[in-house]
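Examining the three-dimensional arrangement
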Amino acid sequence: MKSFERLNTALGHKEADRIPYDIAGTTVTGINKKAFVRAMEYRGLSGEYDLKEIDPIQQIVTPVEETLKKLNCDIRRMGARRIPDFEDILVHKGSVREITDVWGCLWKMDELKDMYYNQYTYPLESFSSIGEGLKHYKVPDISLHADTIRRDLAEQAQIISDSGVIIDRNCAGLTETSLRIRGYENWFIDTVMDQAGVEQLLDVVLQYKWQYWDLVIDWLYENDMNGRISVISECDDLGTQTSTLLEPDFLRKTVIKRFRDLWSHIKRRLPGIKIFMHTCGSVRILLPDLIEAGLDIYNPVQFTAANMDLKELKRDFGKDLVFWGGGINTQLTLRDGTPQQVRDEVKKIIDILAPGGGFVFTTVHNIQEDVPPENFWAMWDTLMEYGKY
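A brief structural summary.

Rules used throughout
- Residues numbered from 1 in each chain as written.
- Predicted model: local features only at pLDDT ≥ 70, side-chain atom pairs only at ≥ 80, totals over all residues.
- Heavy atoms only, no water.
- Salt bridge = Lys/Arg side-chain N within 4 Å of Asp/Glu carboxyl O.
- Helix = DSSP H or I, 4+ residues; strand = E, 2+ residues; numbered from the N terminus.
- Core = buried A, V, L, I, M, F, W, Y, C linked by side-chain atoms within 4.5 Å.
- Buried < 20%, exposed > 50% of the residue type's maximum accessible area, 1.4 Å probe, protein only.
- Pairing = 2+ DSSP bridges.
- Phe/Tyr/Trp six-rings, centres within 6.5 Å; stacked < 30°, edge-to-face > 60°.
- Axes fitted to C-alpha atoms, helices over the stretch in contact; angles between N-to-C directions.
- Left-handed = near helix turned anticlockwise from the far one by under 90°.
- Contact = heavy atoms within 4.5 Å.
- Nonpolar A, V, L, I, M, F, W, Y, C, P; charged D, E, K, R; others polar.
- Parallel < 35°, antiparallel > 145°, perpendicular 65-115°, else oblique.

Regarding the pattern of salt bridges
- Going through the model one piece at a time under the given rule, you end up with 31 salt bridges.
- With its nearest N and O atoms 3.0 Å apart, the salt bridge here joins glutamate 65 to arginine 76. Here the residue glutamate 65 occupies a position in helix α3 (residues 65-70), and arginine 76 occupies one in strand β3 (residues 75-78), the gap between them amounting to 11 residues.
- Taken together, the salt bridges that share partners define one network made up of Lys52, Arg81, Glu87, Asp152 and Glu155.

In structure tokens, the structure reads:
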């Protein structure tokens, strides 16, 4: 069975020859640069990766095609990089790397001590209100990077072969981006004191996403690729370890309704496309609302958060949602467990999520820098051996 057939079978809630595997399909189902190199060296494989890093902020890289094939990765990513012109605008100051993204946020990483880039500035933090700040704010326009995105899409299209294909988002979610623009403390206060301003900023982010998806879909039709794409990926972390990020009703009325509008637009333009959404944390209470809004695929399936029991999720939502993730606990087991504990957890999760299809194996969020290579391979070997139908 070819990879795109394997993926589409799983998306149709049917069992393929084996569980589809993803390690490079999105910026939330990938692997950290250093973890990848160490894991490959551990087995004498190439640690080479695409120098056009898809998410330098998180230090997420795409392994070269030869390695993806050896890893039996069924998914290939298409779409904009998080910072499309990263190499051109990166500033070096000794061991410190600096970058300012399209939202005007400054990020820094000290390569001698940091695992990732850390945010240093918040463009609207100093203003008395969001509305006042937006009067002085330069709203990003996708046209500034349109040519770069089209070139990247063309390059990516050359290597998808018979893989399953997902078109990934261009930026963080509506709430995530709002927090980075306004500043965390200010934004949370705004949700109580200035809801109109919060919604105004959400619409700024939504418009940028809307521009991006129209650009991508136009490119797909222009290049007769519209029928080759199975999934589009979006995101927004609406949960914490113990609860939703904000009151569920607030999220329904402000965030989810905007995703409903965006997803409806995408589905009208790409009939049959499946909508993937990454939302961390305890979000079980929101899943019915997300399904009603058009969600087809749920990631990362963070089963260590409150009220996120895997058996219950499969029982209650398995007919409506594909679970793309949940393969192993990246917070604890993959990082701190023994290889045997990793193997045992992978088997347990496969037994819960795999029956009847509707499951794509990947870790709960990205594989982080501090994951031991022997644990990576314990996970992979178990999936290859135990993940057959």
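Resuming the write-up.
Considering the nonpolar core
- In terms of nonpolar packing, the biggest core is built from 111 residues, with Ile23, Met78, Phe376 and Met379 touching the most fellow members.
- Broken down by element, this core gets its largest block of residues, 14 residues, from helix α9 (residues 195-222).
- Counting 11 residues, the second-largest nonpolar core is a separate cluster that includes Val28, Val231, Phe276 and Val322.

Overview of the pairing of β3
- The two faces of β3 match: Ile75 and Arg77 on one face and Arg76 and Met78 on the other face are all buried.
- Sheet analysis places β3 next to strand β8 (residues 164-167), joined by four bridges and oriented parallel. Bridged to arginine 76 within β8 is valine 165.

Considerations on unusual backbone geometry
- Residue proline 300 is bonded to the preceding asparagine 299 through a cis peptide linkage, with omega at 5 degrees.
- One can find proline 300 in the loop between β11 (297-299) and α12 (310-317).
- Although it is not a glycine, asparagine 307 sits at a positive phi angle of roughly 60 degrees.
- Here asparagine 307 shows up in the loop between β11 and α12.
- Of note in the backbone geometry, histidine 365 takes a positive phi value of approximately 70 degrees without being a glycine.

Concerning the sheet that holds β8
- Spatial ordering of the open sheet is given by β3-β8-β9-β10-β11-β12-β13, a layout of seven strands whose pairing is parallel. Every interior strand has two partners, whereas the edge strands, β3 and β13 (359-360), have only one.

Things to note about the packing of aromatic side chains
- Inspection of the entire model under this criterion finds 12 aromatic pairs.
- Aromatic pair phenylalanine 359 and phenylalanine 361: ring centres 6.2 Å apart, planes at 70 degrees, arrangement edge-to-face.
- Among the residues examined, phenylalanine 361 registers a relative accessible area of 0% and is labelled buried.
- Between phenylalanine 376 and tryptophan 377, the ring centres sit 5.0 Å apart and the planes meet at 90 degrees, which makes this aromatic pair edge-to-face.

Notes on the packing of helix α14 (residues 339-353) against helix α15 (residues 373-386)
- One can describe the packing of α14 onto α15 by two numbers: an axis separation of 8 Å at closest approach and a directional angle of 35 degrees. Relative to α15, the crossing made by α14 is right-handed. Residues Pro339, Val342, Arg343, Val346, Lys347, Ile350 and Asp351 of α14 form the contact with α15, whose participating residues are Glu374, Asn375, Ala378, Met379, Thr382, Leu383 and Tyr386.
- Looking at the contact of α14 with α15 residue by residue, the classes come out as eight nonpolar, two polar and four charged.

Concerning the packing of α12 against α14
- At a closest axis distance of 9 Å, the pairing of α12 and α14 adopts a crossing angle of 20 degrees. The orientation of α12 relative to α14 falls into the category roughly parallel. Here α12 runs over α14; the crossing is right-handed. Residue-level inspection shows Leu310, Lys311 and Lys314 of α12 in contact with α14, the latter providing Ile349, Ile352 and Leu353.
- The residue makeup of the contact of α12 with α14, split by class, is four nonpolar, no polar and two charged.

Some points on the sheet that holds strand β7 (residues 118-119)
- Reading across from one edge, β4-β5-β6-β7 is the order of the four strands in this open sheet, with antiparallel pairing throughout. Each edge of the sheet is formed by a strand with only one pairing partner; in this case those strands are β4 (91-93) and β7.
- Across three bridges, β4 lies against strand β5 (residues 96-100) in antiparallel orientation. Looking across to β5, one finds that valine 91 is bridged to glutamate 98.

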